[in-house]
Amino acid sequence: MPQRAVNLVLALAGVAAVALLYVIGADLARAAQRGPRWKRCLLSAGLALLAAVGISATGCSAGGNAPAAAPEAGTAAAAADAAKDAPRVSPAATTEYARTRIRELEKRLAHLEKMEAGADEVNPLWIDALATSTQVDVRFMNKNEFLSQVSDADLPHARAAIDRAAAVLKRLEAMWARPYQAPESPRPASPESLAGKRLEETDAWKNLTALWAFGGEIAAGRRGPFPFNTRQQEQLLADLQIVRKNVAAMENAGLFSAAEAGLLGLNLDAMITRIQQFRPEELRMATCYQPVRMVSPNESVERLAARLPLLEKLAASKTLHREVVEKVLVSIETDILTLSKEESLKEFAKAEERQKAEKTRDAAKAAAKRIRERIVPQRTCYYLVPVEPAKPAKEQSRARQEALEKFAAADTLRPDVLRQAAANARSPENKT
Amino acid sequence: MTLLPRRHDSLVFEVTQRCNHACAHCYNAWKNARPYPAAEELGTAETLAMLGKVLDESGAHLVSLSGGEPMLRKDIFEIAEYLAARGVAANLITNGSLVTEDAIARLAPEKISVWELPLLSADRAVHDRMSGAPGAFDRVTMALANLKAARQRVVTVFVATRANIATWPETAELAFALGADGIMLNRFNPGGEGSRHIEQLQASPEELSRVLDQAEAISEKYGIPISCSIAMPPCLFRTARYKHLTFGFCAAGTERAYYTIDPVGNLRPCNHSPTILGNVREMNFWDLVDSRAAHDFTAARPEFCAGCRLETTCLGGCKAAAEACCGDLQAMDPFLAAFAGQAVKPAM
């Protein structure tokens, strides 16, 4: 019987007991204060027990309903599991049930690996359900009770899928356990802070880049289904709203075009919406049963269609900012890729829906291609070698002296050359 | 009617065809198998007049003084002074053998923006052998040290060939130790004398990729800028993964195209190309740039590259090398041709 039903039964039993006492006229308050001590203790214990049962029966707890994680190999729990397991019996053929379980595990594995890579859209509710159900599978399918339904010929394949799933879950666990270290909160960008600067020099752009990467990780599910606590989520959303407003400020300051600003804004809005869908850690045990929503290729069409006018404007604009374009093209190219796969296009039930998807995809692809050709790679002049050092002069001076010592020891240089080079490296004024 | 005056960024001026080194990898057009007019240098006044004319017409603000060995010209100091007086920046590409303290004293006060010297190996014997000149290593390292003592901006050039590729990391470290402000890391580009030694000199994409990996690490470690100015075709090298290196491609057709003037005024599309577009002493610079020959040079692209996403940026590598080695602008860059089987064109 499921745990939840047991809890409910106990709670109902407790309520019935209290009602019975009331009906027979027992004055619980008086009984708690008067009478022999043993009677009062028994009554208190009984009420406490009812309270404990009642609390555990309330709420819709995925945590409470979630199966325990598969015990780690080599642990006492794993040994206990193995001890309870009957020996494997080798069947003549793999049962239909076992085939279905293996097939389902492999499908989930494909999604898990995509999630691990941070590729594609991930629904936050799906992350939890996917990981939890895979844990159940790994635990159960490792037992001889299941493996006795798999023939000897199919056994290596089944074990490989189970092991792969266990490995992915372990890696996800490590990924999700990383400490939460959000970038510095941004300030609203004033016109003065943007005037006369290149895009990459402004604090507004640096904040955007840092929060884009951090928020993107969370939105892609790479920090798990409960990536923050309430305070952290509120702060992150507030920071992203400031970044969103700063995009407009940067556009007004002429740091990028309206098309670039528009595309950045759309992506940020999508990220904010996605982050809002994640529940904070405090609500982990309060997660109710929710239907799992699969990402549909139609969403790719809608996203591309929303971005297409801006993308075409961008492709035709005279100036492109590589840093901006690299950011906004990622999601566009991902959607183009999704709509280039037959398995995605097959999901469009009607022919006209499929045609619309292909037309939108092709238009976006053409515009993205024109943009890509303009930004990657850059031509530089043969004789214009960049000579701005990337490290402070003192650090370079020390490093030069150390490097010279190596060449001195190897007798590479003529003594007068070494002497002059060493003097140059030591001189604090030796800068061009 | 044009509202804005046309302008070209920079020019290369080969002040002399003479050289006191004999590098096997030399690309100079007059060393090609195809005949190239031997040029007696113009006198100083004529040279300055020619320079003045082409600078007035082109609007260039940078001239790279090259050769041969430019320091062999006694009037190199006057040429540099003339350019400085006009407010035109000058780079000096020299093998360093004649960069004496006296020469530096005459040129150092703000006449030369960047000095480019070859440092072909940290191994004295390898550098000397590649230069075809005993003592070359000691002279160039002394020149480097003296230039840095005079607070000049110096870039070393490493031409990656099979002869020196194994010494690249130490050479880069030596360049850094001697105070170089940047390193040009160029794969051997066949042409001139080099077209006769392709097999001995041309390294493979695998070897060059290792060099790039090492360059990335060195640039990150020391903060020294490293630039690959000879085209590294993206179908053979995953250039996008190098965060610390810059890559150059053929600039033909852009305002940064390397139009090159030889000692007597013949204009070529670039310093690696043997094609003469005309003479700047007789014709307007822009008439030569807009000529059919210049257009053909800019438009040429090998059939192999058709359909590649980066076709219009990479332009098929170095078409001048194709022209110098195969006599045909439409031919493949010899490096690309040698390793085309390994090429993977970047997809959309």
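Residues numbered from 1 in each chain as written. Chains lettered and ligands numbered in written order. Predicted model: local features only at pLDDT ≥ 70, side-chain atom pairs only at ≥ 80, totals over all residues.

*Asks:* Can you help me understand the overall build of chain B in this one?
*Replies:* When helices and strands are tallied, chain B shows 13 helices and 11 strands. The buried share of chain B, reckoned over its 348 residues, is 55%. At a minimum sequence separation of 6, the contacts of chain B that also span at least 24 residues come to 73%. (Helix = DSSP H or I, 4+ residues; strand = E, 2+ residues; numbered from the N terminus. Buried ≥ 20, exposed ≤ 12 C-beta atoms within 10 Å, placed from the backbone. Contact = placed C-beta atoms within 7 Å.)

*Asks:* Would you take a moment to explain the overall build of chain A for this structure?
*Replies:* Within chain A, the secondary structure is distributed over 19 helices and zero strands. Taking all 432 residues of chain A together, the buried fraction comes to 26%. Long-range pairs, those at least 24 residues apart, make up 81% of the contacts in chain A with a sequence separation of at least 6.

*Asks:* Would you mind showing me how to read the pairing of strand β1 (residues 10-14) of chain B here?
*Replies:* For a regular strand, side-chain orientation follows a simple rule: the groups alternate between the two sheet faces. Residues and elements named next belong to chain B. Counted residue by residue, β1 has five buried out of five residues, so it is predominantly covered. In β1, alternate side chains face the same way, and those of Ser10, Val12 and Glu14 on one face and Leu11 and Phe13 on the other are all buried. Summarising the sheet, β1 and strand β2 (residues 62-66) pair through five bridges and their orientation is parallel. Looking at the pairing, Phe13 lines up with Leu65 of β2. In this fold, the crossover linking β1 to β2 by way of helix α1 (residues 44-58) has right-handed handedness. Pairing analysis gives two bridges linking β1 to strand β9 (residues 260-261), with the strands arranged parallel. (Pairing = 2+ DSSP bridges. Right-handed = clockwise from strand over helix to strand, strands pointing away.)

*Asks:* I tried to follow the packing of helix α11 (residues 203-219) of chain A against helix α12 (residues 230-252) of chain A on my own but got confused; where do I start?
*Replies:* Geometrically, a packed helix pair is captured by the angle between its two axes and the distance between the axes. Residue and element names in this part refer to chain A. Following both chains from N to C, one finds α11 and α12 inclined at 135°, their axes separated by 10 Å at the closest point. Viewed along their axes, α11 and α12 adopt a mutual orientation that is oblique. Where α11 crosses over α12, the handedness of that crossing is left-handed. On the side of α11, the interface is formed by Ala204, Trp205, Asn207, Leu208, Leu211 and Gly215, while α12 contributes Leu236, Asp239, Leu240, Val243, Asn246, Ala249 and Met250. Looking at the contact of α11 with α12, its residues break down into nine nonpolar, three polar and one charged. (Axes fitted to C-alpha atoms, helices over the stretch in contact; angles between N-to-C directions. Parallel < 35°, antiparallel > 145°, perpendicular 65-115°, else oblique. Left-handed = near helix turned anticlockwise from the far one by under 90°. Nonpolar A, V, L, I, M, F, W, Y, C, P; charged D, E, K, R; others polar.)

*Asks:* Whenever I open this one, the confidence of the model for chain A confuses me. Can you help?
*Replies:* Detail in the predicted coordinates should be disregarded across regions flagged by low pLDDT. Overall, the prediction assigns chain A a mean pLDDT of 78, with 72% of residues at 70 or greater. Under a pLDDT of 50 for its full length, residues 287-294 of chain A has, in the predicted model, 10 contacts with residues more than four places off or in other chains. (pLDDT = per-residue confidence, 0-100.)

*Asks:* Sorry if this is basic, but what is going on with the confidence of the model for chain B here?
*Replies:* Chain-level pLDDT for chain B is 89 on average; 95% of the residues reach the 70-or-more range. In the model output, the complex is listed with pTM 0.55 alongside ipTM 0.87.

*Asks:* When you look at the packing of helix α13 (residues 258-277) of chain A against helix α14 (residues 297-316) of chain A in this model, what are you seeing that I'm missing?
*Replies:* Residues and elements named next belong to chain A. Where α13 meets α14, the axes come as close as 8 Å, and the angle between the chain directions of the two elements is 150°. In this view, α13 runs roughly antiparallel relative to α14, as classed from their interaxial angle. Once α13 is placed against α14, the crossing between them reads as left-handed. Contact with α13, carried on its side by Ala259, Glu260, Gly262, Leu263 and Leu266, involves Ala306, Arg307, Leu310, Leu311, Lys313 and Leu314 of α14 and no other residues of that element.

*Asks:* Can you walk me through the sheet that holds β2 of chain B in this structure?
*Replies:* All names here are of chain B. Here we have 11 strands laid out as an open sheet, ordered β8-β7-β6-β5-β4-β3-β2-β1-β9-β10-β11, and mixed in their pairing. Whereas interior strands pair on both sides, the edge strands pair on one side only; in this sheet they are β8 (245-247) and β11 (278-279). Pairing of strand β5 (residues 154-160) with strand β6 (residues 182-187), which is carried by six bridges, proceeds in the parallel orientation. By the bridge assignment, Val157 is partnered in β6 with Met184. Running over the sheet, helix α8 (residues 205-222) touches β5, β6, β7 (226-228) and β8 and is turned about 130° from β8.

*Asks:* Whenever I open this one, the nonpolar core confuses me. Can you help?
*Replies:* Proteins that are soluble and globular tend to have nonpolar side chains buried together. Ala421 of chain A together with Leu144, Phe158, Ala160, Ala180 and Ile183 of chain B are the most contacted members of the largest nonpolar core, which has 114 residues in total. The element that contributes the greatest number of residues to this core is helix α5 (residues 136-149) of chain B, accounting for eight residues. In contact with Ala180 of chain B, not counting residues within four places along its chain, are Leu144, Val154, Val155, Thr156, Ala175 and Ile224 of chain B. In this structure, Ala219, Leu264, Ile336 and Ile371 of chain A belong to the second largest nonpolar core, which totals 42 residues. (Core = buried A, V, L, I, M, F, W, Y, C linked by C-beta atoms within 7 Å.)

*Asks:* How should helix α12 (residues 319-326) of chain B be read in this particular structure?
*Replies:* In an α-helix, one full turn covers 3.6 residues, which means residues spaced three or four apart are oriented alike. Residue and element names in this part refer to chain B. Counting buried residues along α12, seven of its eight residues qualify, which places the element largely inside the surrounding structure. Of all the residues in α12, the buried ones are Lys319, Ala320, Ala321, Ala322, Glu323, Ala324 and Cys325. Of the surrounding elements, those touching the buried residues of α12 are α13 (334-338). The positive-phi residue at the C-terminal boundary of α12 is Gly327, with phi of around 75°.

*Asks:* How should I be thinking about α8 of chain B in this particular structure?
*Replies:* In this model, α8 of chain B (18 residues) spans 25 Å end to end at C-alpha, consistent with the 26 Å of a helix rising 1.5 Å per residue. Of the positions making up α8 of chain B, those classed as buried are Pro205, Leu208, Val211, Leu212, Ala215, Ile218, Ser219 and Tyr222 of chain B. The buried residues of α8 of chain B all sit within an arc of 135° when viewed along its axis, so they share a single face. Opposite its buried face, α8 of chain B presents the exposed residues Glu206 and Asp213 of chain B, each directed more than 90 degrees away. Along its buried surface, α8 of chain B packs onto α18 (393-409) of chain A together with β5, α6 (168-177), β6, β7 and β8 of chain B. (Expected span 1.5 Å × (residues − 1). Arc of directions from axis to C-beta.)

*Asks:* Mind showing me how you'd approach unusual backbone geometry here?
*Replies:* A negative phi angle is the norm for most residues apart from glycine, just as the trans form is the norm for most peptide bonds. Here Gly67 of chain B and Gly68 of chain B are connected by a cis peptide whose omega angle stands at 25°. Secondary-structure assignment places Gly68 of chain B in the loop between β2 and α2 (76-85). Its identity is not glycine, yet Asp411 of chain A carries a phi of approximately 60°, on the positive side. With respect to the secondary-structure elements, Asp411 of chain A resides in the loop between α18 and α19 (415-426). Residue Asp411 of chain A is classed as exposed on the basis of its 10 C-beta neighbours within 10 Å. One non-glycine residue, Arg151 of chain B, lies in the positive phi region at around 60°. Secondary-structure assignment places Arg151 of chain B in the loop between α5 and β5.

*Asks:* Can you help me understand the environment of Arg153 of chain B in this one?
*Replies:* All names here are of chain B. Note on placement: Arg153 falls in the loop between α5 and β5. Judged by the 18 C-beta atoms lying within 10 Å of it, Arg153 is partly exposed. Taking the C-alpha atoms as reference, Arg153 lies 7.6 Å from Ala180; in sequence the two are 27 residues apart.

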